[in-house]
Amino acid sequence: MTSPATRAVHTMTSSLGPTLEHRVSRATRFIEQQLDSVGTATWDDTREHLATTLDIPPSATIDPVLRAVIDLESTGALAHDLETETYRRPRPNDPREADLAEVAEAVLALGWPTKADGGHRTIFQTFHALRGRYRHADVYRAMHERLKNRELELYAMKCWRARGELEIAASRLADLTTTVAQALADERKLEAHLVAAYVATLGYQPRLEHRIGRDGGTDLFADVYDERRRLVIEAKAAVDGLFPAIGQVHRYRYLMNLTADLVDRVAVLLPGEPCRDDLSCAAAMDLSLDVIWQDGDGFEHRVLR
């Protein structure tokens, strides 16, 4: 006699379909049975087997079969034969598990088309482009674990394309594992782009990288010195850069006004609108401060009293 618990599980499985874990398990078992009995297995046969035996639509078989193949290859139980496009047992000359950093470098070295070009590749196409140098499982992991949302982005479910130079720089800057030298280089790149975009909206050319002089043995430069508005501007690569920049830009005004009356106000240039609390706090400090931030294709210039 079937227990109530068993009937409940059966009812849930019948109404919702088999779980992903169950589908992966069935795909794994089928592939291993095929490898042991006939020596090979295929992607299409495994998907058809799942769809038929589990009574699920073909679209629901893609993820479990992929996971099963990746898992079996990762454990050394399966190899992908490029010549026949079948799965088989590994041979001595098949590629072994590779360092993911090495695989990621090889993936990038393929010369990815940019987003502007509209070009893309799937992971499977990338695996093929590497001509069997690395296992499919290692290419899959390198792209998901090392490159996704850094050098490459995933869109439309399975298509991958190169991210823009500025997007890559922003991702590295937010990554705590990025070296200090790399973070400084990315910060300078983002700030230079932000300044260029802002200056393009002015209709005239202010002084850029304006040398203030030496202080404490260090050369100091203001990102923008606008003589027309008697305004010195410090750009920051991140939206939360308002308060780190305030002391810096006021220092510039002080030094520039030591020998001549050159600057009335200071401004901080940001890639987006700062939070309301930061704006309120800065306004309450009565610092003769302007905050400028990018807003779509234009810029918002807020004068804080």
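Each value, and the rule that gives it
- Residues numbered from 1 in each chain as written.
- Predicted model: local features only at pLDDT ≥ 70, side-chain atom pairs only at ≥ 80, totals over all residues.
- Heavy atoms only, no water.
- Salt bridge = Lys/Arg side-chain N within 4 Å of Asp/Glu carboxyl O.
- Helix = DSSP H or I, 4+ residues; strand = E, 2+ residues; numbered from the N terminus.
- Buried < 20%, exposed > 50% of the residue type's maximum accessible area, 1.4 Å probe, protein only.
- Phe/Tyr/Trp six-rings, centres within 6.5 Å; stacked < 30°, edge-to-face > 60°.
- Lys NZ or Arg CZ within 6 Å of the ring centre and 35° of its normal.
- Expected span 1.5 Å × (residues − 1).
- Contact = heavy atoms within 4.5 Å.

Caption draft 1: Just the pattern of salt bridges, in detail. Following the criterion strictly, the structure yields 17 salt bridges and no others. When the shortest N-O distance is used, the salt bridge between Asp 175 and Arg 150 registers 2.1 Å. Taken together, the positions of Asp 175 in the loop between helix H8 (165–174) and helix H9 (180–199) and Arg 150 in the loop between helix H7 (136–147) and strand S3 (152–155) put the pair 25 residues apart, joining distant regions of the chain. According to the relative accessible area criterion, Arg 150 is partly exposed, its value standing at 23%. Taking the shortest distance from any N to any O, the salt bridge between Glu 234 and Lys 236 comes out at 3.9 Å. The class of Lys 236 is buried, set by a relative accessible area of 14%. Shared partners join several salt bridges into a network, and the residues in it are Asp 81, Arg 88 and Asp 94.

Caption draft 2: The arrangement of the packing of aromatic side chains in detail. Summed over all chains, the structure comprises 2 aromatic pairs. For the ring pair Phe 124 and Phe 127, a centre distance of 6.2 Å and an interplane angle of 45 degrees mean the geometry is tilted. Here Phe 124 and its partner Phe 127 are both found in helix H6 (residues 123–129), 3 residues apart, which amounts to about one turn of the helix. Overall, the relative accessible area of 34% leaves Phe 124 in the partly exposed class. Look at Tyr 198 and Phe 299: their rings are 5.2 Å apart centre to centre, the planes differ by 75 degrees, and that puts the pair in the edge-to-face class. Of the two residues, Tyr 198 is situated in helix H9 and Phe 299 in strand S10 (residues 298–303); the sequence distance between them amounts to 101 residues. We note that Tyr 198, like Phe 299, is buried. The ring of Tyr 155 has Arg 161 lying over it, and the distance from NZ or CZ to the ring centre is 3.9 Å.

Caption draft 3: Broad picture of H7. Helix length check: H7, at 12 residues, gives a terminal C-alpha distance of 15 Å against a target of 16 Å (1.5 Å per residue), a fit within 8%. Buried within H7 we find His 136, Ala 137, Asp 138, Val 139, Ala 142, Met 143 and Leu 147. Of the surrounding elements, those touching the buried residues of H7 are helix H4 (62–74), helix H5 (100–108), H6, S3 and strand S4 (159–162). Directly beyond the C-terminal end of H7, a positive phi value near 65 degrees is found at Asn 149.

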